[in-house]
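Coordinate inspection notes
The lines below spell out each chain.
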Amino acid sequence: MLHPTGLPQHLEALDRTLVMGVLNVTPDSFSDGGLFNQTDIAIEHGLSLAAHGADIVDVGGESTRPGAERISIEDELSRVIPVISELAKNNVVVSVDTMRTEVAREALLAGAVIVNDISGGRADSLMNEFMSTNSFPFIIMHWRGLSNVMTQLTDYDDVARDVAGELASQVADAVDAGVERSRIVIDPGIGFAKTTQQNWPILQDLETLDALELPVLWGVSRKKFLGELLADSHGEFRDMSGREAATVALTTYLALAGAWAVRVHDARASRDAIDVIERLGQIHD
Ligand code: PMM
């Protein structure tokens, strides 16, 4: 498995898929219903994710739910920075989920050690250049546009190939700006500028992304395409909390395929699956 340099050493040393726990510090997050919007509750949840096996806790302040409008930079900073500081003080490995250079900068100063930009350097024209001035891992997600327009940006000829091609050009732009390729992680952006059905061919054709020879992060956890798959006989989508087993099935599949990391809400469930895969992969005596 490929590991980006710039990770804390104990994570670089691991030969298994990493678990990134989701910590959305947003009142309107579509995944947790805004349950973790207060700083204290968010910190507690972040610590609990780490205690339950998350290798990394991904802290984000801006909702990316389809149709969501942007929030101010001040609001984003006030949501994420106190949470990141406290988690970092408690030795949690933190990534910051942001599209803004200013938030990334403050987050790294507060103790985050990975930048997860769902726009992969596209939303903020200064992000790639900023990432060239530090040595932290940079997660570049496939991105075609902001949440309020992304449902209209779903035209593809061959979705798996097109996503890989567009990601390759996002990576090339970051490298041109001075970011070392060795610390870039790619992410196909499941659910972003994709219809529910368009997510499946990307998951079925892992070789196309692997051809970019970069570590891959997958964010499939509890997403709508799983709710659709598990819909009841009236076509009613399965709700979030009922999508966990399907999420773990994908974690297992992706861990077997050598994914770098999975971004999930239930850290323990996915970590258990990964531990089983790791144990099965050990040579027996
Ligand atoms: N998905 C969401 C937010 N941030 N970051 C990365 N790298 N990949 C993703 O798939 C991703 C992300 C939205 O999902 P959530 O609201 O369940 O956190």
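Residues numbered from 1 in each chain as written. Predicted model: local features only at pLDDT ≥ 70, side-chain atom pairs only at ≥ 80, totals over all residues. Heavy atoms only, no water.

Moving on, we come to the pairing of strand S3 (residues 94-97). Of the two faces of S3, both are covered, the one formed by Val94 and Val96 as well as the one formed by Ser95 and Asp97. At this point the chain moves from strand S2 (residues 56-60), through helix H3 (residues 73-89), to the parallel S3, and the crossover so formed is right-handed. Note that S3 and strand S4 (residues 114-117) share three bridges and pair parallel. When the bridges of S4 are listed, aspartate 97 appears paired with asparagine 116. As a crossover connection, the stretch from S3 through helix H4 (residues 101-110) into S4 is right-handed. (Buried < 20%, exposed > 50% of the residue type's maximum accessible area, 1.4 Å probe, protein only. Helix = DSSP H or I, 4+ residues; strand = E, 2+ residues; numbered from the N terminus. Right-handed = clockwise from strand over helix to strand, strands pointing away. Pairing = 2+ DSSP bridges.)

How two helices pack is summed up by the angle between their axes together with the distance between the axes. Their axes nearest at 9 Å, the elements helix H10 (residues 244-256) and helix H11 (residues 267-281) cross at an angle of 35°. Along this stretch, H10 crosses H11, giving a crossing that reads as right-handed. Contact residues: Glu244, Val248, Thr251, Thr252, Ala255 and Leu256 in H10; Ala269, Ser270, Ala273, Ile274 and Ile277 in H11. In the contact of H10 with H11, the residues fall into seven nonpolar, three polar and one charged. (Axes fitted to C-alpha atoms, helices over the stretch in contact; angles between N-to-C directions. Left-handed = near helix turned anticlockwise from the far one by under 90°. Contact = heavy atoms within 4.5 Å. Nonpolar A, V, L, I, M, F, W, Y, C, P; charged D, E, K, R; others polar.)

Attention shifts here to the sheet that holds S2. Ordered in space as S6-S5-S4-S3-S2-S1-S8-S7, the eight strands form an open sheet in which the pairing is parallel. Of all the strands in the sheet, just strand S6 (184-187) and strand S7 (217-218) have a single pairing partner and so form its edges. With four bridges connecting them, strand S5 (residues 138-141) and S6 associate as parallel partners. Residue pairing for S6: isoleucine 139 is matched across the bridge by valine 185. Across the sheet, helix H6 (residues 159-176) lies against S5 and S6, angled at about 145° from S5, the strand it touches most.

How two aromatic rings sit relative to each other is given by the distance of their centres and the angle of their planes. The tally for this structure, following the rule as stated, stands at one aromatic pair. It is arginine 144 that lies over the ring of tyrosine 156; its NZ or CZ is 3.8 Å from the centre. (Phe/Tyr/Trp six-rings, centres within 6.5 Å; stacked < 30°, edge-to-face > 60°. Lys NZ or Arg CZ within 6 Å of the ring centre and 35° of its normal.)

The next point concerns unusual backbone geometry. Notably, glutamate 213 is not glycine yet its phi reads approximately 55°, a positive angle. One can find glutamate 213 in the loop between helix H8 (206-210) and S7. The exposed category is assigned to glutamate 213, whose relative accessible area is 62%. In this structure, arginine 222 is a non-glycine residue whose phi angle is positive, near 60°. Turning to its location among the elements, arginine 222 is positioned in the loop between S7 and helix H9 (224-229).

Here we take up the pairing of S4. Along any regular strand, the residues point their side chains to alternate faces of the sheet. Burial along S4 is two-sided: the residues Ile114 and Asn116 and Val115 and Asp117 are all buried. Inspection of the sheet shows S4 paired to S5 by three bridges, in the parallel sense. When the sheet's bridge partners are listed, valine 115 is paired in S5 with phenylalanine 138.

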